[in-house]
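Given next are the chains, with one letter for each unit.
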Amino acid sequence: MSRTRTALALGTAVAGAITLASVTASAAPLPVAGSTTVTPAGHTFKAVLSGKATLKAGSVTVTCSVSVATGSVPAAPGNSNPAGPVSSPITAPTYSSCTASLPGVTPTVTTSGAWSVSMQNGSPVTATMTVPPGGLVLKTTGLASCTVTTAPTAAASVGGSWTNGAPSSLTFTNATVPVKVTGGFGCPTSATTSTFNAVYKVSDETDPAQNITVGP
């Protein structure tokens, strides 16, 4: 066989292998989400910040030491999903006692809209907090006047994890949140995302003797 015909045959074989691999990869089924049950059904809960929450956009970091949200576990059978997460509405979390990494700057955080948190049982249990459009607005005054709007164009999903306990905890570690930053000198106007870190302790408000838990 000539070199030309050999090269052509090899090229055809490689192209066929690539095509077959592409078809095989695209045909691979997506993993099916497992069942999730949040208990006690119908109970209200309270999430209180443990430690400090940070929101970092560009070179500016805002740290808050007080944050609270409340919500409720769906009543049965809505507290159980045989093939996916269970979602619970929550109040817009409040943030106070905040400081900024920029000297001479005072931050204020306001929240609004319909927030929610969903739990997916697994190892680990995953949690997703949904922030409505413009649901959190951070403003600074002083030497730098900036406005940071989270989820500026559409609702945003903030990924975290859940740990059962007494009380249970909801953790966000370097979670990415889309933002829009406006303002003058000192404002990180080029930033389009921020990172969020926080740990919340979640207690059962309906019956303090019980704990909010996530299972199969």
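Read on for a plain summary of the structure. Predicted model, so just to flag it, every value in this text is computed and none were measured.

Quick look at the overall build of the protein now. A count of helices and strands for the protein gives one helix and 16 strands. Expressed as a percentage of the 216 residues in the protein, the buried residues total 37%. Looking at the protein alone, contacts between residues at least 24 apart form 67% of all its contacts between residues at least 6 apart. Of the accessible surface of the protein, which amounts to about 11100 Å², a share of 62% is contributed by carbon and sulfur atoms.

Here we come to the packing of aromatic side chains. Inspection of every chain in the model, using the stated rule, returns one aromatic pair. Look at Phe-172 and Phe-196: their rings are 5.6 Å apart centre to centre, the planes differ by 50°, and that puts the pair in the tilted class. Of this pair, Phe-172 sits in strand S14 (residues 168-183) while Phe-196 sits in strand S15 (residues 193-204); the two residues are 24 residues apart in sequence, bridging distant segments of the chain. Accessibility expressed as a relative area gives 1% for Phe-172, which makes it buried. Taking relative accessible area as the criterion, Phe-196 reaches 8% and is therefore assigned buried.

Attention now goes to the nonpolar core. In terms of nonpolar packing, the biggest core is built from 48 residues, with Tyr-95, Leu-170, Phe-196 and Tyr-200 touching the most fellow members. If near-sequence neighbours (up to four positions away) are discounted, Phe-196 is found in contact with Ala-53, Thr-54, Leu-55, Tyr-95, Met-129, Val-158, Phe-172, Thr-173, Asn-174, Ala-175 and Val-177.

Before going further, it helps to examine the sheet that holds strand S16 (residues 213-215). Strand order in the open sheet formed by three strands is S5-S1-S16, with antiparallel pairing between adjacent strands. Both outer strands of the open sheet, strand S5 (80-81) and S16, are each paired with one neighbouring strand and no more. The sheet contact formed by strand S1 (residues 36-39) and S5 spans two bridges and is antiparallel. Counterpart to Thr-36 in the pairing with S5 is Asn-81.

The next subject is the side chain of Ser-169. With respect to the helices and strands, Ser-169 occurs in strand S14. Taking the relative accessible area as the measure of exposure, Ser-169 reaches 9% and is therefore buried. The contacts of Ser-169, once residues within four sequence positions are left out, are Ser-161, Trp-162, Thr-163, Val-199, Tyr-200 and Lys-201.

Scanning the entire structure with this criterion turns up two disulfides. Paired by a disulfide, Cys-64 and Cys-98 hold their sulfur atoms 2.0 Å apart. On the sign convention where negative means left-handed, the S-S torsion of about 105° between Cys-64 and Cys-98 marks this disulfide as right-handed. Of this pair, Cys-64 sits in strand S4 (residues 60-72) while Cys-98 sits in strand S7 (residues 94-100), and the two are 34 residues apart along the sequence. Each disulfide pairs two cysteine sulfurs, and for Cys-146 the partner residue is Cys-187, the sulfurs being separated by 2.0 Å. One quick way to see it: the torsion about the S-S bond of Cys-146 and Cys-187 is about -90°, and its sign makes the bridge left-handed. Of this pair, Cys-146 sits in strand S12 (residues 146-150) while Cys-187 sits in the loop between S14 and S15, placing them 41 residues apart in sequence. Judged by its relative accessible area of 10%, Cys-187 is buried.

Calculation criteria
In every chain, residue numbers begin from 1 and rise along the written sequence. This being a predicted model, a pLDDT of at least 70 is required before a residue's local features are given, and a value of 80 or more before pairs of side-chain atoms are given or counted; all residues contribute to the totals for chains, interfaces and linings. Note that the side-chain values use all heavy atoms of the structure and ignore hydrogens as well as water. Numbering goes from the N terminus for both helices and strands, where a helix is a DSSP run of H or I of at least four residues and a strand is a run of E of at least two. Each residue's exposure class comes from its accessible area (1.4 Å probe, protein chains only) as a fraction of the maximum for that residue type: buried when under 20%, exposed when over 50%, partly exposed otherwise. What makes two residues a contact is simply this: any of their non-hydrogen atoms within 4.5 Å. Per-residue and other accessible areas were derived by the Shrake-Rupley procedure at a 1.4 Å probe size, with only the shown protein chains allowed to occlude residues. Between rings of Phe, Tyr and Trp, where Trp is taken as its six-membered ring, a pair exists when centres lie within 6.5 Å; planes separated by under 30 degrees are stacked, by over 60 edge-to-face, and by other angles tilted. Take the buried residues of types Ala, Val, Leu, Ile, Met, Phe, Trp, Tyr and Cys, join any two whose side-chain atoms come within 4.5 Å, and each joined set is a nonpolar core. Strand pairing follows a simple DSSP-based rule, namely that at least 2 bridges must link the two strands. Two cysteine sulfur atoms form a disulfide, by the criterion used here, when they sit within 2.5 Å.

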